[in-house]
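# Coordinate inspection notes
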Amino acid sequence: MLDVSRTADADATILSQLLEAWPNYVSGSSIARRLGITRVSVWGRLEKLKESGFVFEAVRNRGYRLLERPEQLHVSLVRALLERRKQTVDLLYLPVVDSTNDEAERQLAQGCGTPMVVLARRQERGRGRLGRRWHSADHGNLYLSFAFRPRMEPSKLQRFTPWMGVRLAELLRERCAAPIQVKWPNDLYCQGKKLAGMLTEARVDADGTRDLVFGLGLNVNSDPADWPDEVAAVAASLQTVSGQAQDINELAAAVIEVVVEGYQEVLNAQADALLPERWRRLDMLSDREVVIERGNKTRLEGWARGIDPGGALLVEFATGGVQPVLAGDVVLPRRD
Ligand code: BTN
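As the structure is a computational prediction, the values presented were derived from the model and not from experiment.

Buried residues of helix α2 (residues 28-35): G28, S30, I31 and A32, and no others. Where α2 is buried, its residues touch α1 (10-21), α3 (39-50) and β2 (63-68). At the exit of α2 stands G36, carrying a positive phi of roughly 70°.

The following block contains the structure:
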C-alpha cells in the first residue's frame, strides 16, 4: 500500500499547528482556514487521529490542544515534527515493504526528488551487509532509508558511513544517556550488543557517483524476548540499554535531521577533518586486538588504532607500521 499523500498531508499540518501552539490552544477555525476545509471536517480529522492514539482537549471558545501522542510510529506526526525542525525532506511511509533500501532505489530510478526518506514499520526482506538478513519485525523499531544524488567522487564515499555513525551515536547518547559506541565499519553498539546497522549502497558510473542510498535499522522500543534467539544473543534495543521507552516519532524526526545534515557535511568536506577525533571518542575497537575477515577468506590480525579522515580503519600489525584497511568484517578474538 503506497502512501500517496506525502506532499499534502493535512493531518501533518494540523499536528504541526497544535505542536507549535503548545501549551496554548488552536481554534478550529484557524485550522480550518489553513487547510481550506470546514470546522466540521477538522473535528472529523481529529476524531480519526484519536483512533491512532492521539488525545486532544477541546475547550469551547479556545479550541484544541494536543495532550497525548501515539506510541507507535505515525507518519503525519513525524512530518509535523520535521516541519517544526524546518526540515523539508520528502518522506514516504510504507507500513510494510520488502526493504526500505530497495524502495529508495526504486524511487531514485523513477526520478524522485532528493533527499528523500523511505520509512517502514516492517520489512519483509530487510538486508544487512554481505547479503545478511536484517530482522525487521513490527515491534517498535526504525527501518528507514535515505535517497541522495551526491555530486561526489566515488573515492570519497568511504567516509560516508563512519560519519553517519558518529552523528547518530552522538544523537543517541544525548537522547538516551547510554554509552553508545561506533564499531567500524557500519554498526552502533552499546554494552557489547548491536543496536543499529547501516547499509550504504551507491551506484557509480563513468561520470562519478550517480546516486546513494543510506539505510538504517535501529532497535528502539522492541523487547529482545520477541526476537529470534540468535538475534537476542547479540543485539539490544535503546529501551533495554537506557531503561526507558523512547518517543519513536521524535526519534525518527531527529534521526532524519541528523542524517540529512551529516550528508551535507560529507558533501562539503566539513566531515573530513572532524572524523578521526569524533570517531575516537566513540570507538568500540579503540586499541583492541582485532581480526579482520574478508570475503576472499583472508584474515588480517592486529590492533585497531582508530580511523583516518577517509574512513579507513587504521590497523597496527605485529610486523610494525599502521596500515589503512578499506573493507572487511571486524571480529574481536576471544581470549579465554
Ligand atoms: C548491517 O548491520 O549489516 C546493516 C543493516 C542495515 C539494515 C537497514 S534496515 C533499513 C534498511 N533497509 C534494509 O533492507 N537494510 C537497511
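That was the structure; now back to the text.
Tallying each qualifying case throughout the model produces 31 salt bridges. D272 serves as the salt-bridge partner of R159, at 2.5 Å between the closest nitrogen and oxygen. Of this pair, R159 sits in the loop between β5 (142-148) and α6 (160-176) while D272 is found in helix α10 (residues 270-280), placing the two residues 113 residues apart along the sequence. Between E265 and R167 there is a salt bridge, and its shortest N-O distance comes to 2.9 Å. Placement of the pair is E265 in helix α9 (residues 248-267) and R167 in helix α6, with a sequence separation of 98 residues. Residue E265 is classed as buried on the basis of its relative accessible area, which comes to 15%. Through salt bridges that share partners, D98, E103, R106 and R125 make up one connected network.

Our next topic: the site of the ligand. Neighbouring residues of the ligand: 20 residues in total, closest S99, Q123, R127, R129 and K194. In the environment of the ligand, a nitrogen atom lies 3.0 Å from a nitrogen or oxygen atom belonging to the side chain of T100. One of the side-chain nitrogen or oxygen atoms of Q123 is found 2.9 Å away from a nitrogen atom of the ligand. Taking 420 Å² as the accessible area of the ligand by itself, protein coverage stands at 98%. The cavity that encloses the ligand is the largest pocket. Broken down by secondary-structure element, the contributors of at least two residues to the shell around the ligand are α5 (100-109), β5, β8 (193-205) and β9 (208-218). Looking at the shell around the ligand, the element that brings in the most residues is β8, giving four residues. Among the residues making up the shell around the ligand, the classes are represented as five nonpolar, 11 polar and four charged.

So, about the sheet that holds strand β11 (residues 299-307). By definition, the strands of a sheet pair up through backbone hydrogen bonds, in either a parallel or an antiparallel sense. Pairing is antiparallel in the open sheet, where five strands are placed in the order β13-β12-β11-β10-β14. Sheet topology places β13 (322-325) and β14 (329-331) at the edges, where each strand pairs with a single neighbour. Neighbour to neighbour, the strand axes of the sheet diverge by 50° on average, direction disregarded. Judged from the four bridges that link them, strand β12 (residues 313-316) and β13 form a sheet pairing that is antiparallel. Opposite E316, over in β13, you have V322 as the bridge partner.

Let us look at the layout of surface pockets. Space inside the largest pocket adds up to approximately 910 Å³. In this structure, the largest pocket is lined by 42 residues; those nearest its centre are R132, R133, W134, D187 and K194. Elements with a contribution of two residues or more to the lining of the largest pocket: α5, β5, β7 (187-190), β8, β9, α7 (229-232) and β14. With four residues, β8 is the single largest residue contributor to the lining of the largest pocket.

Cut-offs and rules
- Residues numbered from 1 in each chain as written.
- Predicted model: local features only at pLDDT ≥ 70, side-chain atom pairs only at ≥ 80, totals over all residues.
- Heavy atoms only, no water.
- Buried < 20%, exposed > 50% of the residue type's maximum accessible area, 1.4 Å probe, protein only.
- Helix = DSSP H or I, 4+ residues; strand = E, 2+ residues; numbered from the N terminus.
- Contact = heavy atoms within 4.5 Å.
- Salt bridge = Lys/Arg side-chain N within 4 Å of Asp/Glu carboxyl O.
- Near = heavy atom within 4 Å.
- Polar contact = N/O pair within 3.5 Å; in protein donor to acceptor, adjacent residues only side chain to side chain.
- Areas by Shrake-Rupley, 256 points an atom, 1.4 Å probe, with all protein chains shown as cover.
- 1 Å grid on protein atoms, 1.4 Å probe; cavity = no way out; pocket = protein on both sides within 12 Å on 5 of 7 lines; lining within 4 Å.
- Sits in = over half its atoms within 2 Å of the grid points.
- Nonpolar A, V, L, I, M, F, W, Y, C, P; charged D, E, K, R; others polar.
- Pairing = 2+ DSSP bridges.
- Axes fitted to C-alpha atoms, helices over the stretch in contact; angles between N-to-C directions.
- Points joined across faces, edges and corners; volume = space filled by probe spheres on them.

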